[in-house]
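Secondary and tertiary structure notes
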Amino acid sequence: MRLDPVTMEIVGNRLSAMTEEMCLTLQRTSRSLYVKETADFCCAFAGLDGGFVAYPRGIGVSGFVGLNVLTAVQAAGPLEPGDVIITNDPYRSGGLATHLTDIQLIEPYFHDGELVGYGWAFIHCSDIGGRVPSSLSPVNDEIFQEGLQIPPVKLVRAGEPSRDVEALITANSRTPEANLGDIRAMRAALRTGRERLAGVVAQHGLPTVLDAQRDLVEYTAGKARAALAALGDGTHRFVDYLDDDAVSSLPIRLSVTATLRAGDLHLDFTGTDPQVAAAFNIATLGRPHAWITTRVLALICTLDPGIALNAGLIAPITVTTPEGSLVNPVHPAAVGVRHASANRVNDAIGGALGLAAPHVLPAASSGLVVPVVVAEQRGSGQNVQVLEPMVGGTGAREGADGVDGRDSGISNLSNNPVETVETEIGVEILRYGLRTDSGGAGRWRGGCGLELTFRVRGEGSKLLARGLERMCFRPWGVRGGGPGAATELIVNPGTARERRHFKIDVLPLEPGDVITLLTSGAGGYGDPYTRDPEAVLRDVERGVVSREAAARAYGVVLAEGDGGLAVDGPGTAQARRERRPDLVADDVGPERRAWESVFDTASVDRLVAALFRLPRPARTPRRTALYTEVLAALPAGFPRTPPTPDERDAARRTLVQEIIELERRSA
């Protein structure tokens, strides 16, 4: 280190506090509900290499600490004091922007003409144009459908705003005033950062601040390696699935092989499906990008809670992401719903590292983030708002239940207050709470999902719910724990007009329609028949487990007493002696078991390898044709409907024949 530890700590804390103040400035001056209430924004201070030196701990989106601003800075050309860069382009910004609704601002900070670093701010805007209100839809098949692409350009030149750029942005959005207000809030946050940094330089001197940038990142990198080294060396693989790509019923496979060596971690995504003609791709550009390393950063911070948040966290991580795959698509692949895939990457990495450290890693989280968007007519314009960012719970781990109704796996967004929602959007919230019986059963119970039920009041309203997942393949349990409940989306439940939906694009609504979204629960950990019966009783009293599920899933019999419900000790002992024979250890759910009874790991490895030997445009059509041929031998509801042994065997024979033919063609 160049600085003594005390000076480094003082400067580091001041820079971190600076980013917190930037975030507070942005949130308090923003316009849109999704920024000022949900808190889908962040600010940070980047060093001369573009990596973040200081990042807020207590406000804003936590998962972007691994991003880098340098590609966007270089693309915008020579910089001078007073410049501010704007971009939302995932490809041209080097992955800094992750989809088009994330607007990024970067300001170079100078001292006496010398560049010191960069202030960074981002917000998720309500709409940036494109095919649908809120811009994002799972069925978009190229980025041109997702809205206005803003390459890294100067929004402000030497302190003078570019009115032309502002006019272009506002003309291509359904929410121009909110967007412009949020952009101005970001500029205010960057100004706050500039002023606070000047104070740090004035007190400690420019050489000290520049040395601190390097020392802080190097120190964090050393601590990150030490944390990962505690897991031991080894290679571990895990496979997980997205339910489908919204334009077909075919699941999308994510494969991760994690190799730990002396504190370094390599993540190999070979075996992951090719990029899809839908919006689930993650533009990583082959780098250890934030969306494919978030679970590792969370693990490091769990193992070392005092570690600083900066670019040093990703220093031990390298990746292999095959070009043209879901996790490294080629332009112009759509990326709008990349968070759904990031959730599944999280689960797959958690599964792989859980093989290395089963006593540390939890079962699968609920595995979804669903911004529920309502678009409605307001006079001559449109009101497009995120009603709630719906998540589920966290997975159970050894010694602790999962967290109910809260999952910060890829983001730490706040929920929107009901009163604010009903003020800003023409809906009536009927229920917003925990979903009973959704957490996976286990010695330690998985976190419950959420229920949101609301009634539409206005004419011409539309519903969008990007990120709907775990509607088929449930969040898996660990060490005998059960899977969480699957996600459900129901319109007008319990009436003659009830309709159940899977992934949706834009769903027109009538005044009086009632919409219920039930998010998935998280996986359980350990044998549920070893759970403390008193803990089961407390769950029933809280309403997160029903009395029926207590008996069915946990073997706990409850009886009415003078003081209310109580554990029936003899009845529970008898029930547990007669436990159900269908409980399955490490239960991934019947749907995944059915799928993998046909599409086993080794066969699909061969299939994916052969697909990647084809020209990129041929991969998705060939994959679709092959799966369609195999699925023809299976029940229409497969994998929700399990096949008979004869159907399974016939499908497997077809799969082998199709793979052999594909290998012959791609040789």
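To be clear, the structure that these remarks concern was listed above.
Residues numbered from 1 in each chain as written. Predicted model: local features only at pLDDT ≥ 70, side-chain atom pairs only at ≥ 80, totals over all residues. Heavy atoms only, no water.

Observations concerning the overall build of the chain
Note the threshold: In this text, helices come from DSSP runs of H or I with a minimum length of four residues, and strands from runs of E with a minimum of two, each type numbered from the N-terminal end. Radius of gyration: C-alpha atoms only; globule rule: 2.2 Å multiplied by the number of residues to the exponent 0.38. Each residue's exposure class comes from its accessible area (1.4 Å probe, protein chains only) as a fraction of the maximum for that residue type: buried when under 20%, exposed when over 50%, partly exposed otherwise. Residues count as neighbours in contact if any of their non-hydrogen atoms are within 4.5 Å of one another. Surface accessibility in these figures is a Shrake-Rupley result with a 1.4 Å probe; residues are shielded only by whichever protein chains are displayed. In summary, the charge assignment counts Lys and Arg as positive and Asp and Glu as negative, without counting His or the chain termini. Here the site of a charge means NZ on Lys, CZ on Arg, CG on Asp, or CD on Glu.
The secondary structure content of the chain amounts to 16 helices and 22 strands. For the chain, whose C-alpha radius of gyration is 25 Å, the value lies close to the compact-globule estimate of 26 Å for 667 residues. The buried share among the 667 residues of the chain stands at 59%. For the chain, contacts bridging at least 24 residues in sequence account for 72% of all contacts bridging at least 6. Summed over its atoms, the accessible surface of the chain is roughly 24,200 Å², and 51% of this surface lies on carbon and sulfur atoms. Computed over 68 positive and 81 negative side-chain charges, the inter-centroid distance for the chain is 2 Å.

Here's the deal with the nonpolar core
Our working definition: Definition used in this section: a nonpolar core is a set of buried Ala, Val, Leu, Ile, Met, Phe, Trp, Tyr and Cys residues joined via side-chain atoms within 4.5 Å.
In terms of nonpolar packing, the biggest core is built from 160 residues, with Leu26, Trp120, Leu267, Leu387 and Phe454 touching the most fellow members. Every residue in contact with Leu387, bar those within four places of it in the chain, is listed here: Val372, Val374, Asn416, Val421, Ile425, Val427, Ile429, Leu452 and Phe454. In terms of nonpolar packing, the next biggest core, distinct from the first, is built from 25 residues, Trp595, Val604, Val630 and Ala651 among them.

Looking at the packing of helix 6 (residues 206-229) against helix 7 (residues 290-303)
Where we set the bar: Lines fitted to the C-alpha atoms define the axes, with helices restricted to the stretch that makes contact. Angles between their N-to-C directions range from 0 to 180 degrees. By the definition adopted for this analysis, an angle is roughly parallel if under 35 degrees, roughly antiparallel if over 145, roughly perpendicular if from 65 to 115, and oblique otherwise. Polar here means any residue other than Ala, Val, Leu, Ile, Met, Phe, Trp, Tyr, Cys and Pro, which are nonpolar, and Asp, Glu, Lys and Arg, which are charged; Gly is therefore polar.
Where helix 6 contacts helix 7, the two axes come as close as 9 Å, and the packing angle between them is 85°. If you check the angle between helix 6 and helix 7, you find them roughly perpendicular. Taking contact as the criterion, the partners of Ala224, Ala227 and Leu228 in helix 6 are, on helix 7, Val296, Ile300 and Leu303. Its residues assigned to classes, the contact of helix 6 with helix 7 comprises 6 nonpolar, no polar and no charged.

Concerning the packing of aromatic side chains
Note the following rule: Working definition: rings of Phe, Tyr and Trp (its six-membered ring) pair if their centres are within 6.5 Å, and the pair is stacked with planes under 30 degrees apart, edge-to-face with planes over 60 apart, and tilted otherwise. Here, a charge over a ring means that NZ of Lys or CZ of Arg falls within 6 Å of the ring centre while also lying within 35 degrees of the ring normal.
Applying the stated rule across the entire model yields 15 aromatic pairs. Look at Phe52 and Trp120: their rings are 4.8 Å apart centre to centre, the planes differ by 40°, and that puts the pair in the tilted class. Here the residue Phe52 occupies a position in strand 2 (residues 52-54), and Trp120 occupies one in strand 5 (residues 114-124), the gap between them amounting to 68 residues. Relative accessible area serves as the criterion here: at 0%, Phe52 is assigned to the buried category. For Trp120, a relative accessible area of 0% translates into the label buried. Aromatic side chains Phe599 and Tyr627 sit 5.0 Å apart centroid to centroid with 40° between the ring planes, which places their arrangement in the tilted category. Taken as a pair, Phe599 in the loop between helix 13 (590-598) and helix 14 (601-611) and Tyr627 in helix 15 (residues 616-631) lie far apart in primary sequence, 28 residues in all. Note on Phe599: relative accessible area 1%, which makes it buried. Look at Tyr627 and you get buried, because its relative accessible area is 3%. Here the aromatic cluster, defined as three or more aromatic residues joined through ring pairs, consists of Phe52, Tyr55, Phe64, Trp120, Phe122 and Trp291. Between the NZ or CZ atom of Arg579 and the centre of the ring of Tyr529, over which it lies, the distance is 4.5 Å.

Remarks on the side chain of Glu658
Along the chain, Glu658 falls in helix 16 (residues 645-666). Classification of Glu658 as buried rests on a relative accessible area of 18%. When residues no more than four places from it in sequence are discounted, the contact partners of Glu658 are Arg622, Leu626 and Glu629.

Remarks on the side chain of Gln275
Our working rule: We define a polar contact as two N or O atoms separated by no more than 3.5 Å, with the added condition that, inside protein, one atom must be a possible hydrogen donor and the other a possible acceptor, whereas residues neighbouring each other in sequence contribute only through side-chain atom pairs.
Summarising the element assignment, Gln275 is placed in the loop between strand 10 (264-268) and helix 7. Gln275 gets classed as buried once you look at its relative accessible area, which sits at 15%. Within the structure, Gln275 has its side chain in polar contact with the backbone nitrogen of Val330 (distance 2.8 Å). Dropping the residues within four chain positions of it, Gln275 is found in contact with Asn281, Gly324, Ser325, Leu326, Pro329, Val330, Ala333, Arg616 and Thr620.

What about the sheet that holds strand 4 (residues 102-111)?
Across a sheet, strands are paired by hydrogen bonds formed along the backbone, either parallel or antiparallel in direction. What counts is decided by this rule: Between any two strands, pairing holds if DSSP finds at least two bridges.
Strand order in the open sheet formed by 7 strands is 2-1-5-4-3-6-7, and the pairing between neighbours is antiparallel. Since the sheet does not close on itself, it has two edges, and those belong to strand 2 and strand 7 (160-161), each with one partner. Strand direction decides the pairing type here: strand 3 (residues 84-87) and strand 4, joined by 3 bridges, are antiparallel. Among the inter-strand pairings, Thr87 is bridged to a residue of strand 4, identified as Gln104. Packed on one face of the sheet, helix 1 (residues 5-29) meets strand 1 (41-46), strand 2, strand 4 and strand 5 and runs near 145° to strand 1.

Examining the sheet that holds strand 13 (residues 381-390)
Pairing in this open sheet of 4 strands is antiparallel, and the strands run 13-12-16-19 from one edge to the other. Two strands close off the open sheet at either side, each with one partner strand: strand 13 and strand 19 (507-508). One ladder, built from 4 bridges, connects strand 12 (residues 370-378) with strand 16 (residues 462-465); its direction is antiparallel. Each bridged residue has a counterpart across the sheet, and for Val374 the counterpart in strand 16 is Leu463.

Geometric descriptors of this kind do not, in isolation, establish any biological role.
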